[in-house]
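# Fold and geometry: a report
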Amino acid sequence: MKSRRNFLKTAALGAAALSLDGIPAAAAPRGKGRKPIVVSTWDFGIAANRAAWGVLGKGGRALDAVEAGVHVPEADEKNVTVGYGGYPDRDGRVTLDACIMDEFGNCGSVAAIEHIKHPISVARKVMEKTPHVMLVGDGALQFALENGFQKENLLTPESEKAWKEWLKKAEYKPVINIENQSYEGKGTTAFNPLRLPGNAWNHDTIGMVALDAAGNLSGACTTSGMAFKMHGRVGDSPIIGAGLYVDNEIGAATATGVGEEVIRVVGSFLVVELMRQGYSPEAACKEAVLRIVKKKPAKAKEIQIGFLALNKKGEHGAYCLHPGFSYACTTGEKEEELIKGKYYFQ
């Protein structure tokens with residue numbers, strides 16, 4: 001009888017350690033026991049992490065670190081997917097989205113805001129100075145100006161030139177990223193993973209999550225959205241639970257890629273809840289990707305989405321649909337590391 005009970009107990013524990021598709025929920029997590037630590041999406045996360053580490057390395061708060069970190073790509077005119085220099089919408093207007101969340105569950109967000117170089121800081125003001133979570137459009141701009149932010153022209157000559165070039169063949173209709181349907185020398189239907197919406201030529205977000213020396217988590221997410229989107233389009237980046245979510249008891253997660261599909265599965269919240277169930281950060285990100293594939297398998301083949309997660313222990317991981325997604329990691333032990341995300345479609 002005792003042997004039978006031991007067998008059943010062992011079997012039950014083994015089953016609990018697996019996700020629905022048989023992935024070990026806590027398999028080989030990266031970064032075990034490291035704090036402070038900051039991770040962020042894409043190659044440009046390296047420079048952003050340096051700024052964040054300027055706060056974390058001095059014992060500063062994770063919230064201050066992520067705000068300082070994402071300021072870097074927001075102000076980089078060579079970065080055509082975040083902030084100043086970001087590609088405009090189909091009407092030639094640069095509209096920005098951002099959200100921020102701290103260790104207490106406080107959060108703030110702005111969507112479709114124009115003329116403000118650092119929307120993440122406006123989002124923080126929304127969190128700290130209003131009873132609201134999100135302000136949008138003209139209301140967000142009005143709030144920013146009332147709080148001392150300067151109105152600027154964010155459309156750089158390079159971005160304006162790219163927009164005018166796109167206009168020559170653009171079709172103004174509600175098709176997500178129609179501009180990506182034609183590739184150089186490949187006709188109009190050729191498939192190139194590196195040209196997928198949300199990938200290396202058109203990734204659209206920096207998401208950053210950090211764990212500070214006190215063991216507290218915070219996160220930030222900021223973007224200029226998909227290039228040449230319909231005016232008024234808002235993706236997942238400013239939506240708490242979709243583009244970013246922080247639970248100081250469990251962990252934090254952020255997303256990048258085509259926001260519409262992230263919203264459908266409330267992606268970042270899903271990743272954090274999976275970590276609550278015992279999944280490692282990477283396994284949780286993979287399960288969220290699988291949800292997207294299951295809902296819209298044909299669509300999943302045409303777009304890129306990646307999730308990045310950090311748990312309370314300082315373990316981190318990522319997973320995406322297609323090759324090409326990477327994330328940056330910075331700790332006191334190894335200051336800069338660029339890690340390639342694992343992917344579903346081979």
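Everything here concerns the structure above.
The following paragraphs examine the structure supplied in this document. Note that this is a predicted model, so its numbers are computed, not measured.

## Remarks on the overall build of the protein
When helices and strands are tallied, the protein shows 10 helices and 13 strands. Counting over 346 residues, the protein shows a buried share of 56%. Counting only contacts in the protein whose residues sit at least 6 apart along the sequence, the fraction spanning at least 24 positions is 66%. Accessible surface for the protein amounts to roughly 15100 Å². Of this, 53% is attributable to carbon and sulfur atoms.

## Examining the packing of aromatic side chains
In this structure the tally under the stated criterion is five aromatic pairs. Here the aromatic rings of Tyr87 and Phe228 are separated by 5.4 Å at their centres, their planes lie at 20°, and the arrangement is stacked. Here Phe228 lies in the loop between strand 6 (217-223) and strand 7 (244-247) and Tyr87 lies in the loop between helix 3 (62-74) and strand 2 (96-101), a separation of 141 residues in the sequence. In this structure Tyr87 comes out as partly exposed when scored by relative accessible area, which is 21%. Judged by centre distance (5.0 Å) and plane angle (80°), the rings of Tyr245 and Phe269 are edge-to-face.

## Remarks on the side chain of Arg124
Here Arg124 shows up in helix 4 (residues 119-129). Polar contacts involving the side chain of Arg124 include one to the side chain of Glu67, which spans 2.8 Å. The residues touching Arg124, leaving out its near neighbours within four places in the chain, are Arg61, Leu63, Asp64, Glu67 and Ile100.

## A word on a nonpolar patch on the surface
A grouping of Val133, Met134 and Val136 is seen on the molecular surface, where their side chains present a nonpolar patch of about 230 Å² in accessible area. Structurally, the position occupied by Val133 is in the loop between helix 4 and strand 4 (134-136). Owing to a relative accessible area of 39%, Val133 belongs among the partly exposed residues under this scheme.

## Considering the nonpolar core
Core analysis: the largest hydrophobic core is formed by 88 residues, its most contacted members being Ile100, Val110, Ile113, Val122, Val271, Phe307 and Leu321. The biggest single contributor to this core is helix 9 (residues 281-295), with seven residues. Counting five residues, the second largest nonpolar core, distinct from the first, contains Trp163, Trp166, Ala227 and Phe228.

## Some points on the sheet that holds strand 13 (residues 342-343)
Paired through backbone hydrogen bonds, the strands of a sheet run either parallel or antiparallel to each other. Pairing is mixed in the open sheet, where five strands are placed in the order 7-8-9-10-13. The open sheet has two free edges, formed respectively by strand 7 and strand 13, since each of these has just one partner strand. Pairing analysis gives two bridges linking strand 10 (residues 316-320) to strand 13, with the strands arranged parallel. The residue bridging Tyr319 from the neighbouring strand is Lys342, located in strand 13. Helix-sheet contacts for helix 9 involve strand 9 (305-311), strand 10 and strand 13, and the interaxial angle to strand 10 is about 20°.

## Structural notes on the pairing of strand 2
Within strand 2, six of the six residues are buried, which leaves it mostly tucked inside the rest of the structure. Judged by which residues are buried, strand 2 turns out to be covered on both faces: Leu96, Ala98 and Ile100 on one side and Asp97, Cys99 and Met101 on the other are all buried. For strand 2 and strand 3 (residues 107-113), the ladder comprises five bridges, and the chain directions are antiparallel. Residue pairing for strand 3: Leu96 is matched across the bridge by Ile113. Count of turn residues in the strand 2/strand 3 antiparallel hairpin: five residues, of which Gly105 carries a positive phi of about 85°. Taken together, the five bridges between strand 2 and strand 6 define a ladder with antiparallel strand orientation. Its bridge partner lying in strand 6, Asp97 is registered against Thr223.

## Examining the sheet that holds strand 3
Strand order in the open sheet formed by eight strands is 4-3-2-6-5-1-11-12, with mixed pairing between adjacent strands. What marks the edges here is a single partner per strand, and that holds for strand 4 and strand 12 (337-340). In this sheet, adjacent strand axes meet at a mean angle of 10° when their direction is disregarded. Pairing geometry for strand 3 and strand 4, over three bridges, is parallel. Across the sheet, residue Val110 finds its bridge partner in strand 4, namely Leu135. Here helix 5 (residues 137-146) sits on the sheet in contact with strand 3 and strand 4, set at roughly 115° to strand 3.

## So, the pattern of salt bridges
Within this structure, the stated rule accounts for 15 salt bridges. Linking Glu160 and Lys164 is a salt bridge whose minimum nitrogen-to-oxygen distance equals 3.4 Å. Residue Glu160 and its partner Lys164 are located together in helix 6 (residues 157-167), separated by four residues, close to a single helical turn. Owing to a relative accessible area of 29%, Glu160 belongs among the partly exposed residues under this scheme. Here Arg291 makes a salt bridge to Glu287, at a shortest N to O gap of 3.7 Å. With Arg291 and Glu287 both in helix 9 and four residues apart, this pair spans about one turn of that helix. Take Glu287: its relative accessible area is 5%, and that puts it in the buried class. Through salt bridges with shared partners, a single network forms among Asp64, Glu67, Arg124 and Glu128.

Conventions and cut-offs
Residues numbered from 1 in each chain as written. Predicted model: local features only at pLDDT ≥ 70, side-chain atom pairs only at ≥ 80, totals over all residues. Heavy atoms only, no water. Helix = DSSP H or I, 4+ residues; strand = E, 2+ residues; numbered from the N terminus. Buried < 20%, exposed > 50% of the residue type's maximum accessible area, 1.4 Å probe, protein only. Contact = heavy atoms within 4.5 Å. Areas by Shrake-Rupley, 256 points an atom, 1.4 Å probe, with all protein chains shown as cover. Phe/Tyr/Trp six-rings, centres within 6.5 Å; stacked < 30°, edge-to-face > 60°. Polar contact = N/O pair within 3.5 Å; in protein donor to acceptor, adjacent residues only side chain to side chain. Patch = residues over 30% accessible without salt bridge, like charges linked within 9 Å, V, L, I, M, F, W, Y side chains within 5 Å. Salt bridge = Lys/Arg side-chain N within 4 Å of Asp/Glu carboxyl O. Core = buried A, V, L, I, M, F, W, Y, C linked by side-chain atoms within 4.5 Å. Pairing = 2+ DSSP bridges. Axes fitted to C-alpha atoms, helices over the stretch in contact; angles between N-to-C directions.

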